[in-house]
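What the coordinates show
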2 protein chains.
Amino acid sequence: MVLPGAELALVRRPDITYQLFGDEAVVEPMLDNYPRLKEVSTFQHCEVSVRMDDKPSQALRRGRRKSSMWRAIEAVKNGEADVCISAGNTGALMAMSKFCLRTMPGIERPAIAGIWPTMRGESVVLDIGATIGADAEQLVDFAMMGGAMARALFDVARPTVGLLNIGVEEVKGLEAIRVAGRTLRENDSLSLDYKGFVEGTDIGKGTVDVVVTEGFSGNIALKTAEGTARQIGEYLRAAMNRTILAKLGYLLARSAFDRLREKMDPRKVNGGVFLGLNGIVIKSHGGTDPIGFASAVELGYDMVRNELLAKIGQDMAHYRRGGLGAATEEEEVR
Amino acid sequence: MVLPGAELALVRRPDITYQLFGDEAVVEPMLDNYPRLKEVSTFQHCEVSVRMDDKPSQALRRGRRKSSMWRAIEAVKNGEADVCISAGNTGALMAMSKFCLRTMPGIERPAIAGIWPTMRGESVVLDIGATIGADAEQLVDFAMMGGAMARALFDVARPTVGLLNIGVEEVKGLEAIRVAGRTLRENDSLSLDYKGFVEGTDIGKGTVDVVVTEGFSGNIALKTAEGTARQIGEYLRAAMNRTILAKLGYLLARSAFDRLREKMDPRKVNGGVFLGLNGIVIKSHGGTDPIGFASAVELGYDMVRNELLAKIGQDMAHYRRGGLGAATEEEEVR
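Residues numbered from 1 in each chain as written. Chains lettered and ligands numbered in written order. Predicted model: local features only at pLDDT ≥ 70, side-chain atom pairs only at ≥ 80, totals over all residues. Heavy atoms only, no water.

So, about the overall build of chain A. In terms of regular secondary structure, chain A is built from 14 helices and 10 strands. Here the C-alpha atoms of chain A give a radius of gyration of 21 Å, agreeing with the 20 Å that 2.2 N^0.38 yields for 334 residues. Dimensions of chain A along its principal axes, counting C-alpha atoms only, are 65 × 60 × 35 Å. Across chain A, every contact between residues at least 6 apart in sequence was considered, and the portion connecting residues at least 24 apart equals 71%. Accessible surface, chain A: about 13800 Å² in total, of which carbon and sulfur atoms supply 50%. (Helix = DSSP H or I, 4+ residues; strand = E, 2+ residues; numbered from the N terminus. Rg over C-alpha atoms; globule rule 2.2 N^0.38 Å. Contact = heavy atoms within 4.5 Å. Areas by Shrake-Rupley, 256 points an atom, 1.4 Å probe, with all protein chains shown as cover.)

On to the sheet that holds strand S3 (residues 83-86) of chain B, then. Residue and element names in this part refer to chain B. If you walk across this open sheet you meet the eight strands as S3-S10-S9-S4-S5-S8-S6-S7, and the pairing is mixed. With one partner strand each, in any of the chains shown, S3 and strand S7 (193-198) form the two edges of the open sheet. Direction aside, neighbouring strands of the sheet carry axes that sit 25° apart on average. Note that strand S4 (residues 111-118) and strand S5 (residues 121-126) share six bridges and pair antiparallel. Across the sheet, residue Ala 113 finds its bridge partner in S5, namely Leu 126. Strands in contact with helix H6 (residues 90-101) are S3, S4, strand S9 (272-275) and strand S10 (280-283); relative to S10, the strand with the most contacts, it is inclined by about 175°. (Pairing = 2+ DSSP bridges. Axes fitted to C-alpha atoms, helices over the stretch in contact; angles between N-to-C directions.)

When the charged atoms of two side chains with opposite charge come close together, those side chains can pair. All names here are of chain B. Applying the stated criterion to the full structure yields 29 salt bridges over all chains. Lys 195 is paired through a salt bridge with Asp 193; the nearest N and O atoms lie 3.3 Å apart. Note on Asp 193: relative accessible area 24%, which makes it partly exposed. Between Asp 258 and Arg 254 there is a salt bridge, and its shortest N-O distance comes to 4.0 Å. One end of the pair is Asp 258 and the other is Arg 254, both in helix H12 (residues 254-263) and four residues apart, which spans about a single turn. On the basis of relative accessibility, which here comes to 35%, the residue Asp 258 falls in the partly exposed class. (Salt bridge = Lys/Arg side-chain N within 4 Å of Asp/Glu carboxyl O. Buried < 20%, exposed > 50% of the residue type's maximum accessible area, 1.4 Å probe, protein only.)

This brings us to a positive patch on the surface. All names here are of chain A. On the surface, a cluster of positive charge is made up of Arg 64, Arg 65, Lys 77 and Arg 102. Tracing the chain through its elements places Arg 65 in the loop between helix H4 (56-63) and helix H5 (68-77). For Arg 65, a relative accessible area of 52% translates into the label exposed. (Patch = residues over 30% accessible without salt bridge, like charges linked within 9 Å, V, L, I, M, F, W, Y side chains within 5 Å. Lys, Arg positive; Asp, Glu negative; His and termini not counted. Charge placed at Lys NZ, Arg CZ, Asp CG, Glu CD.)

Let's shift gears to unusual backbone geometry. Following Leu126(A), the chain continues into Asp127(A) via a peptide bond in cis, with omega recorded as -5°. By secondary structure assignment, the location of Asp127(A) is in the loop between strand S5 (121-126) and helix H7 (136-153). The phi angle at Glu307(B) is positive, at roughly 55°, despite the residue not being glycine. Tracing the sequence through the fold places Glu307(B) in the loop between helix H13 (290-305) and helix H14 (308-318).

The next point concerns the sheet that holds strand S10 (residues 280-283) of chain A. Residue and element names in this part refer to chain A. Spatially, eight strands are ordered S3-S10-S9-S4-S5-S8-S6-S7 in an open sheet, and the strand pairing comes out mixed. Single-partner strands in this sheet number two, and they are strand S3 (83-86) and strand S7 (193-198). Strand-to-strand twist in this sheet, taken as the mean axis angle between neighbours without regard to direction, amounts to 25°. Along the sheet face, H7 touches strand S4 (111-118), S5, strand S6 (160-164), strand S8 (210-212) and strand S9 (272-275) and points at about 160° away from the line of S8. The strands touched by helix H13 (residues 290-305) within the sheet are S3, S4, S9 and S10, with S10 carrying the most contacts at an inclination of about 160°.

All names here are of chain A. Mapping Val 156 onto the fold places it in the loop between H7 and S6. Residue Val 156 is classed as partly exposed on the basis of its relative accessible area of 30%. Sequence-wise, Val 156 and Asp 209 are 53 residues apart; in three dimensions their C-alpha atoms are separated by 9.1 Å. Not counting the four nearest positions on each side in its chain, Val 156 is found in contact with Ala 150, Arg 151 and Asp 209.

Residue and element names in this part refer to chain B. A cluster of acidic side chains, namely Asp 23, Glu 24, Glu 28 and Glu 47, defines a negative patch on the protein surface. Locating Glu 47 in the fold gives a position in the loop between strand S2 (41-45) and helix H4 (56-63). On the accessibility criterion, Glu 47 (73% relative accessible area) is exposed.

The next point concerns the interface of chain A and chain B. Opposite the 69 residues of chain A that make contact, chain B presents 69 residues. Together chain A and chain B conceal approximately 5800 Å² of surface at their shared face, both sides included; 73% is due to carbon and sulfur atoms. Along the contact surface separating chain A from chain B lie two salt bridges. Summed over the shared surface of chain A and chain B, the number is eight residue pairs in polar contact (both at pLDDT 80 or more). Every element with two or more residues in the side of chain A that touches chain B is listed here: helix H6 (90-101), S4, helix H9 (200-205), helix H10 (215-240), helix H11 (244-252) and helix H12 (254-263) of chain A. Top contributing element to the side of chain A that touches chain B by residue count: H10(A), with 21 residues. Its residues placed into classes, the side of chain A that touches chain B shows 33 nonpolar, 22 polar and 14 charged. (Buried area = accessible area lost by both parts, 1.4 Å probe. Polar contact = N/O pair within 3.5 Å; in protein donor to acceptor, adjacent residues only side chain to side chain. Nonpolar A, V, L, I, M, F, W, Y, C, P; charged D, E, K, R; others polar.)

Turning to the side chain of Glu298(A), a few remarks are in order. All names here are of chain A. Along the chain, Glu 298 falls in helix H13. For Glu 298, a relative accessible area of 9% gives the class buried. Of the polar contacts made by the side chain of Glu 298, one reaches the side chain of Arg 12; its length is 3.2 Å.

Time to look at the relation of the copies chain A and chain B. Between the two chain copies there is a screw-like relation: a rotation about an axis and a shift along it. Of the transformation placing chain A onto chain B, the axial shift is 0.0 Å and the rotation is 180°, giving an RMSD of 0.0 Å. Both chain copies can therefore be described as sitting about a two-fold axis. Within chain A, Gly249(A) has its C-alpha nearest the rotation axis, a separation of 1.8 Å. (Least-squares fit on C-alpha atoms with pLDDT ≥ 70 in both.)

For Lys283(A), the position within the fold is in strand S10. In contact with Lys283(A), other than residues within four places in its own chain, are Ser86(A), Ala87(A), Gly88(A), Asn89(A), Thr90(A), Leu93(A), Gly271(A), Gly272(A) and Phe274(A).

This part covers helix H8 (residues 175-186) of chain B. The first and last C-alpha atoms of H8(B) sit 17 Å apart over 12 residues, in line with the 16 Å expected at 1.5 Å per residue. Buried within H8(B) are the following residues: Ile177(B), Arg178(B), Val179(B), Ala180(B), Gly181(B), Arg182(B), Thr183(B) and Leu184(B). Buried residues along H8(B) sit against H10 of chain A together with helix H7 (136-153), strand S6 (160-164) and S7 of chain B. (Expected span 1.5 Å × (residues − 1).)

For the pair H12(A) and helix H10 (residues 215-240) of chain B, interaxial distance at closest approach is 9 Å and the crossing angle is 150°. By the angle between their directions, the pair H12(A) and H10(B) is classed as roughly antiparallel. Between H12(A) and H10(B) lies a crossing whose hand is right-handed. Note on element contacts: H10(B) touches H12(A) through Ile232(B), Tyr235(B), Leu236(B), Ala239(B) and Met240(B), opposite Ala256(A), Phe257(A), Leu260(A) and Lys263(A). Its residues placed into classes, the contact of H12(A) with H10(B) shows eight nonpolar, no polar and one charged. (Parallel < 35°, antiparallel > 145°, perpendicular 65-115°, else oblique. Left-handed = near helix turned anticlockwise from the far one by under 90°.)

Functional significance is not addressed by these values, which are geometric in nature.
Put into structure tokens, the structure is as follows:
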């Protein structure tokens, strides 16, 4: 799906050029089927491929310098490519990206950001699984990186940002979240509009442009939403197949169902963006199809075009580290 | 909605009797509208009502001994009631329940368990928000308590149990989850069938009868799923209203849509169950209606009828505390 996906992205972004990295025995014969892609691409043979079940440490050992994954990332480092897109092993891709590109000055830890379809449009959610846990400083970094991504992708000058928290009164949220909230509130010179805490229900509502959380709960939220969408899709399919009348109704409302399916199409928002590195790396879902892969390519293109990295740098320059002592003030939970 | 809900529950569980606690000026005149309920109820006037915005500490200070919430919990403690149902302030209800009923022997911390509709039926998910964070021992306790609840509610002798984790290779899950997994695997005499790690997508699939996680991610998962369901419902409504044909199709397939709505009806699974206390307390959603409140009452009734507390006690008796040193073995991530 990589080659047809890459060709598909050319339709909407005709000035893309590609550097393809892979096994020549596999890729070169296939490439002839995509003449338009071939025309704008160079191909580089690599002897090693990172396997989907390689552990990150294994992949680094086996694949450093010579794997297709490494060399695609290295092309970004060397300024030969603006963005690296891979549908390979997530853990290996993150480990190699960190090793090769290093984190941006002032950023301790990269995050993976996803685009979440909402009732109001789309939001950025991060971290969706780069690392488990985050302290207050890291959450603030995520807010700035997510804010920069929202500015690069959506047409907003000061994206709204919320910290994901839980609203049960007794447990007013993790200390780290409270401190991060205070720091964000104090840094009103940043290009983001901090809105306070948000809850799980707010993600789908689109209450804020950027939802910030640590990687464990972010990944759980993402996967749970995927599961729920699939479950409701199943319910709907079963209900529409139960009676003749329902089937007839389905046929009549066909265009409405197509529209719904399009709204819920996970391929449209394919692509986890690695933020906080000196270069942009995008992880496409491994099980996607050409349409999904094209989305990941276009996402990368748009972020490069809109100067994502420069935008993150701007906010980093304006940022005053907050007081990280005990947070005594109470912050509202919505 | 409490009084009509309580009366509604009587239809399906005709041997319920109620003790009602509240402000006589409010409740007594209303009670005359529900003669069937009045017949099986005693009413006790309480001078204090816990407010929805009281902090737990405030509620305890103002409401201990004399509030309707406290006295309803106390009735369980004194053996005058089998279960306490409240649609009030969650934090206050948990604080008072802990204070009045105390945790069961061997259980360090209570959890709130919810019933989650899945593609295969229903699952128990806990903790959905009693406390943030949990160590390995607490996760094991949650597994046992959730397992006992599944045995009390579903027709299974050894419910399947999974620990919620994230599947990204690089971050093979929290240490606490790994250790809890090992302990559960070693305790094969428990009345539960430990299936390993599950991911967010598995909740809606119904991969296991009991999904165990700590309260922060559990609450985020629950609220995110609610948000996603609402979002898709909105999409569907909008799509079906767009064209005449879609509207006509909707009318024809009306029964199918009603069925879908019923499947997704949050009122059917209303009720967060406080587990791990010497007594059963159920929190009904504050914004529900009589049908939802009746569900919470019936849930409590069924758990008492099926001896939930004795079932938790049985597993506690068979449980060998696991080795809590560093977990070195690798556990599979599904």
